[in-house]
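So the chains spell out like this:
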Amino acid sequence: MNMMNTDYLQLVELATRAPSGHNTQPWLFRIGEKEITILPDLTKELPVVDNNRRELYISLGCATENLCIAASAAGYRTEASIEAPAEQPAAIHINLEKSADVLPSPFYPAIEKRQTNRSVYNGQAVPEKSLEALTAIAAEPGIHFHLWKNGSEEFNALKALILKGNDSQMNDPTFKEELQAWMRYNKKHSEATRNGLSYAVFGAPNLPAFLSKAIMGSFLNSSTQNKGDRKKIASSSHLVLFTIPNNTVGEWISLGRTLQRFLLTATQENIAAAFLNQPCEVKELAEEIRQELPINKEYPALLLRIGYAKEVAYSLRQNIKEVITEGNKR
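Residues numbered from 1 in each chain as written. Predicted model: local features only at pLDDT ≥ 70, side-chain atom pairs only at ≥ 80, totals over all residues. Heavy atoms only, no water.

Chemist: Hey, could you run me through the packing of helix α4 (residues 153-170) against helix α8 (residues 222-234) in this one?
Modeler: In helix packing, the relevant descriptors are the interaxial angle and the interaxial distance, both defined with respect to the helix axes. At a minimum axis distance of 9 Å, the contact between α4 and α8 shows a crossing angle of 155°. In this view, α4 runs roughly antiparallel relative to α8, as classed from their interaxial angle. Handedness of the crossing formed by α4 with α8: right-handed. Facing F155, K159, I162, L163, N166, D167 and M170 of α4, the residues of α8 in contact are S222, Q225, N226, D229, R230 and I233. When the residues that make up the contact of α4 with α8 are grouped by side-chain class, the tally is five nonpolar, four polar and four charged. (Axes fitted to C-alpha atoms, helices over the stretch in contact; angles between N-to-C directions. Helix = DSSP H or I, 4+ residues; strand = E, 2+ residues; numbered from the N terminus. Parallel < 35°, antiparallel > 145°, perpendicular 65-115°, else oblique. Left-handed = near helix turned anticlockwise from the far one by under 90°. Contact = heavy atoms within 4.5 Å. Nonpolar A, V, L, I, M, F, W, Y, C, P; charged D, E, K, R; others polar.)

Chemist: Teacher, can you tell me more about helix α3 (residues 128-135) here?
Modeler: Since the α-helix turns once every 3.6 residues, residues separated by three or four places project in the same direction. If you check which residues of α3 are buried, you get S130, L131 and L134. The buried residues of α3 all sit within an arc of 100° when viewed along its axis, so they share a single face. Summarising the geometry of α3, the exposed residues directed more than 90 degrees from the buried face are E128 and K129. The inward-facing, buried residues of α3 abut β5 (144-149), β8 (238-244), α9 (249-268) and β10 (299-307). (Buried < 20%, exposed > 50% of the residue type's maximum accessible area, 1.4 Å probe, protein only. Arc of directions from axis to C-beta.)

Chemist: Looking at this structure, how should I read the side chain of E55?
Modeler: Relative to the elements of secondary structure, E55 occurs in helix α2 (residues 54-73). Buried charge without a salt bridge: E55, with R54 as the nearest opposite-charge side chain at an N-O distance of 4.2 Å. Sequence-distant contacts of E55, that is, excluding residues within four places in its chain, are made with D50, N277 and E281. (Lys, Arg positive; Asp, Glu negative; His and termini not counted. Salt bridge = Lys/Arg side-chain N within 4 Å of Asp/Glu carboxyl O.)

Chemist: I'm lost on the sheet that holds strand β1 (residues 27-31) in this one. Help?
Modeler: Backbone hydrogen bonds hold the strands of a sheet together, and the pairing may be parallel or antiparallel. One open sheet accounts for four strands, arranged β1-β2-β4-β3; its pairing is antiparallel. Both outer strands of the open sheet, β1 and β3 (76-83), are each paired with one neighbouring strand and no more. Within this sheet the neighbouring strands show an average axis-to-axis angle of 20°, counted without direction. Relative to strand β2 (residues 35-40), β1 is paired through five bridges, and the arrangement is antiparallel. Its bridge partner being in β2, L28 is matched across the sheet by L39. Helix α1 (residues 6-15) contacts β1, β2, β3 and β4 (91-98) of the sheet and is inclined by roughly 165° relative to β1. (Pairing = 2+ DSSP bridges.)

Read these as geometric descriptors, not functional statements.
Here's what the structure looks like:
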């Protein structure tokens, strides 16, 4: 590996603070003289829950946004372009040009503070001023998002579909097998992989693996999942649905960039956020959303809940040496 610009290494490290499904961190970074390319790491894909790689590319879009925001703070002007050939994995090329007149993005301080908070929230409603800050973010072309308040007709319809999604997924042995492959059963296991869903996410204590497997495994049924999700949804202020017109790779990446701006704005407003993507992941339920909710028959791509909660433990990230590549793929 050639000697690399230390600025670029810092940009990569901050890019990896983006969210990803099951915390797989499915990205690779190729560093050039004036460019960083973000590539999918297909060894980290989730072929059951994310069989078209939509959520993978949304994560890459989030990482792209983080990198561009961090670059502004380091004095770089950025221009991102998407290369999406029909038969090959897509790549995101980010051109970097040092410039004295670049202003640091106001989102920069929130990158390291942002987290996915899967806990039960405190039930407090997000006030109008914060809602205005969220809805004022600059969305990428074609990307739309809808905020529905707890108790509204749309909120209740989505709640019912989340529970149906749990019924579908938790009764699918291949879904549970894939999920279990990304569970990290104690502190030692988490630190060895520095990815995946840690024992703390499931509310399990730091115990020997055989005990944690039993505890965490007991959660993997639709009854337990729905009981927990009912509490989490009831404690939330709003559900937020992101939609796209054509369901293409380019839109998924653009959605990720928009999503990251939304999440960083929420972080600045001290609003907690977590994903409830079940109805977007189960094809029949996604089609029901598309036909029945007021989203202009766009494709539902991502679902969040927001509200207020105490900070939780941060998910670990892999060392940047593990995510830097010199080729098109690892």
